[in-house]
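# A structural walkthrough
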Amino acid sequence: MLHPWYRGRLERRMVGSTNRWRFPREPFSGDLLGLSQMCKALNVDFEEVLKDPDRLYVSQIQKIFSRNLKNKTIQSREADVILKCLGSTWELHQPHLFQSETLAKLYLMALSQGTTSPKKELERLLQAQLCGSVQERPPIKKMIISLKINDPLVTKVAFATALKSLYLSEVEMNMDDVLGVLASAHILQFSSLFQRCVAMMMNGLTPTTIKSFYLAGCKYKEEQLTTACEKWLEMNLVPLVGRQIHLRKIPQELLHRVLRSPRLFTFNEFHLLKTLLLWVFLQLNHRIQTVPVHETVLAFFNSFPKKYSFLDQDTGQSLVPLFLCVRLHGIIKGKNLEELRHINFFPESWLIRVTANHYHALESGGDMVHVKDLTTQAMRFGLLFNQEYTTHSEIIAVYGFFFEIKGIKQDTTSYSFYMQRVRHTDLEFPSSVCKHGPVSLRAERLVKYEIRAQTLVDGKWQEFRTNQITQKFGFVKPSCKSHALKIQTVGIPIYVSFSFIFPIS
């Protein structure tokens, strides 16, 4: 007759895709390959199981409870778990709380404290769920568990919503509560609810929510959420957030990441600079509750001592990395450059370098000797193509060359975007574009360019782009027109960016 110990070892379980055998009564028998396969089968972290082998029991119970809840084999009964948390008492049912890893651990810890053989209690709990009918299941004793929460984002309302989600798969949540529910789900280690909150937040990004949602993504290390916040702000920093008082709330670290992105949308470089100047103004003037006019911002910076530029002073030195991301060589209007010099914001060396680059480019017939990389140094211009447009265009002037950037709606979901060279004499309002500016009579201009369009569809960003194309632009077709970026999308609005440089020709 076999010794009982040998009988225990003969009980084996098949796990993993390779059908490797494991001994269920031993948490870890030294078989690393078998243990790894079992962890994959139960979707459990291998490293965590090596530290705490009993976690396999928790995962097995969670898996069985989840299956039974899905199959609706668990019938309603009197609450058998009392949770004390946030100064309140919550009545729960044991089968449902196992959706939360935190509550499951608290329950199993309480279960093990009342017995000399915790593993037997765990096996008994498993057996209770594997039984065919409710009547056959052994009685489960009532447990009292406590949970201490220090996260200020967790409110009683949010926590109650999270507990309600243990019973209902689609609990109603509004945008005001989702942050607290996310925090509650994180503490409860309730993964399905946590991901539902993340999805809701990604679809609910606005100027009022962008800061809190981004900080929550950083706090809970949810890269999917922080990335969504960055992408949303890349498109909306200049056209939307930059016009509202909520610009003040944007964290400097997030702003810096967005400014460094090649996907950043702006109407032109001066628009981006005005947005940054407004952000700095709002950081230094906390009592201001309405967006000031641009002249007020200029007057504020002009009030600082003239001995040093603003960025050279103690107040501005921490902001230098932000303004290094601005392509000052892309600001080409004399009026705008004079404005920058007047407010004494940038170091004199920066402005001298920009002026010298403009002078050399004009002297060389437009060749941008100082610019090499299209991705990080190109001049940027943008069109925001809204729903009401069938066509939309802007005229831009660079070193005496004039281009029209244009978008055309072909049908309900088809769009075409391109740029074309135009004569200054053909402009509808030449004085507004040509006034105090040079006019080049060169028949051809070598241009390296890229056209990019981005739009949001069902919570995901669609991106379309041309290759980096080098082309000689003349005055007559077909050389006057760039390659067209043709797209199919139901997204609106469409953020279209035109990036180009004038290589040495």
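Residues numbered from 1 in each chain as written. Predicted model: local features only at pLDDT ≥ 70, side-chain atom pairs only at ≥ 80, totals over all residues. Heavy atoms only, no water.

## Here we look at unusual backbone geometry
Inclusion rule: Secondary structure elements are defined from DSSP: runs of H or I of at least 4 residues count as helices, runs of E of at least 2 residues count as strands, and each element is numbered from the N terminus.
A cis amide bond links Lys 477 to the next residue, Pro 478, at an omega of 0°. With respect to the secondary-structure elements, Pro 478 resides in the loop between strand 12 (469-473) and strand 13 (485-488). The peptide bond linking Ile 492 to Pro 493 adopts the cis configuration, its omega dihedral lying at 0°. Positioned with a positive phi, Leu 86 is a non-glycine residue whose angle comes to about 55°. Mapped onto the fold, Leu 86 is located in the loop between strand 3 (81-85) and strand 4 (88-92).

## Some thoughts on the side chain of Asn 357
Our working definition: Whether two residues are in contact is decided by their heavy atoms: any pair within 4.5 Å suffices.
Structurally, Asn 357 is set in helix 19 (residues 348-363). If near-sequence neighbours (up to four positions away) are discounted, Asn 357 is found in contact with His 370 and Tyr 399.

## So, the sheet that holds strand 5 (residues 143-146)
Our working rule: When DSSP locates at least two bridges between a pair of strands, those strands are taken to pair. Lines are fitted to the C-alpha atoms to define the axes, a helix being fitted only along its stretch in contact, and any angle between axes, read from their N-to-C directions, falls within 0 to 180 degrees.
Strand order across the open sheet formed by three strands is 4-3-5, with mixed pairing between neighbours. The sheet terminates laterally at strand 4 and strand 5, the two strands that pair on one side only. Across the sheet, the mean angle separating the axes of adjacent strands is 25° when strand polarity is ignored. As judged from the five bridges shared by strand 3 and strand 4, these two strands associate in the antiparallel manner. Paired with Leu 83 across the two strands is Trp 90, which belongs to strand 4. Docked against the sheet, helix 6 (residues 101-113) engages strand 3, strand 4 and strand 5, running at close to 125° with respect to strand 5. Along the sheet, helix 8 (residues 156-164) contacts strand 3 and strand 4; its crossing angle with strand 4, the most-contacted strand, is approximately 10°.

## So, the sheet that holds strand 8 (residues 401-409)
Taken in spatial order, the four strands of this open sheet run 7-8-9-13, and their pairing is antiparallel. Of all strands in the sheet, those with a lone pairing partner are strand 7 (391-398) and strand 13, marking the two edges. Here the strands of the sheet are splayed against their neighbours by 15° on average, with no regard to which way each runs. Summarising the sheet, strand 8 and strand 9 (residues 414-422) pair through eight bridges and their orientation is antiparallel. From the neighbouring strand, Ile 405 faces strand 9, where its bridge partner is Met 419.

## Some details on the packing of aromatic side chains
Rules: Pairs were defined over the aromatic rings of Phe, Tyr and Trp, the Trp ring being its six-membered one, requiring ring centres within 6.5 Å. Orientation was assigned from the angle between planes: stacked under 30 degrees, edge-to-face over 60, tilted for the rest. Relative accessibility under 20% of the residue-type maximum defines a buried residue, over 50% an exposed one, and the middle range a partly exposed one, all with a 1.4 Å probe and only protein chains included.
Considering all chains together, one arrives at 29 aromatic pairs under this definition. Here the aromatic rings of Phe 301 and Phe 345 are separated by 5.0 Å at their centres, their planes lie at 80°, and the arrangement is edge-to-face. Within this pair, whereas Phe 301 is found in helix 15 (residues 294-302), its partner Phe 345 is found in the loop between helix 18 (334-343) and helix 19, the two being separated by 44 residues in sequence. Relative to Phe 500, the ring of Phe 381 has its centre 5.7 Å away and its plane inclined at 15°; by these criteria the two rings are stacked. Taken together, the residues span a long stretch of sequence, with Phe 381 in strand 6 (residues 379-385) and Phe 500 in strand 14 (residues 494-501) at a distance of 119 residues. This pair shows no difference in class: Phe 381 is buried, exactly as Phe 500 is.

## Notes on the pattern of salt bridges
Pairs can form between side chains of opposite charge whenever their charged atoms are close. The cut-off we apply is this: By definition here, a salt bridge exists when the distance from a side-chain nitrogen of Lys or Arg to a carboxyl oxygen of Asp or Glu is within 4 Å.
Inspection of every chain in the model, using the stated rule, returns 13 salt bridges. Arg 380 is the salt-bridge partner of Glu 269, the closest N and O atoms lying 2.6 Å from each other. In this pair, Glu 269 is assigned in helix 14 (residues 269-284) and Arg 380 in strand 6, connecting sequence segments 111 residues apart. Relative accessible area serves as the criterion here: at 7%, Arg 380 is assigned to the buried category. Notably, a salt bridge pairs Glu 450 with Arg 452, separated by 3.4 Å at the nearest N-O pair. With respect to class, Glu 450 is no different from Arg 452; both count as buried. One salt-bridge network, held together by shared partners, links Glu 450, Arg 452, Glu 463 and Arg 465.

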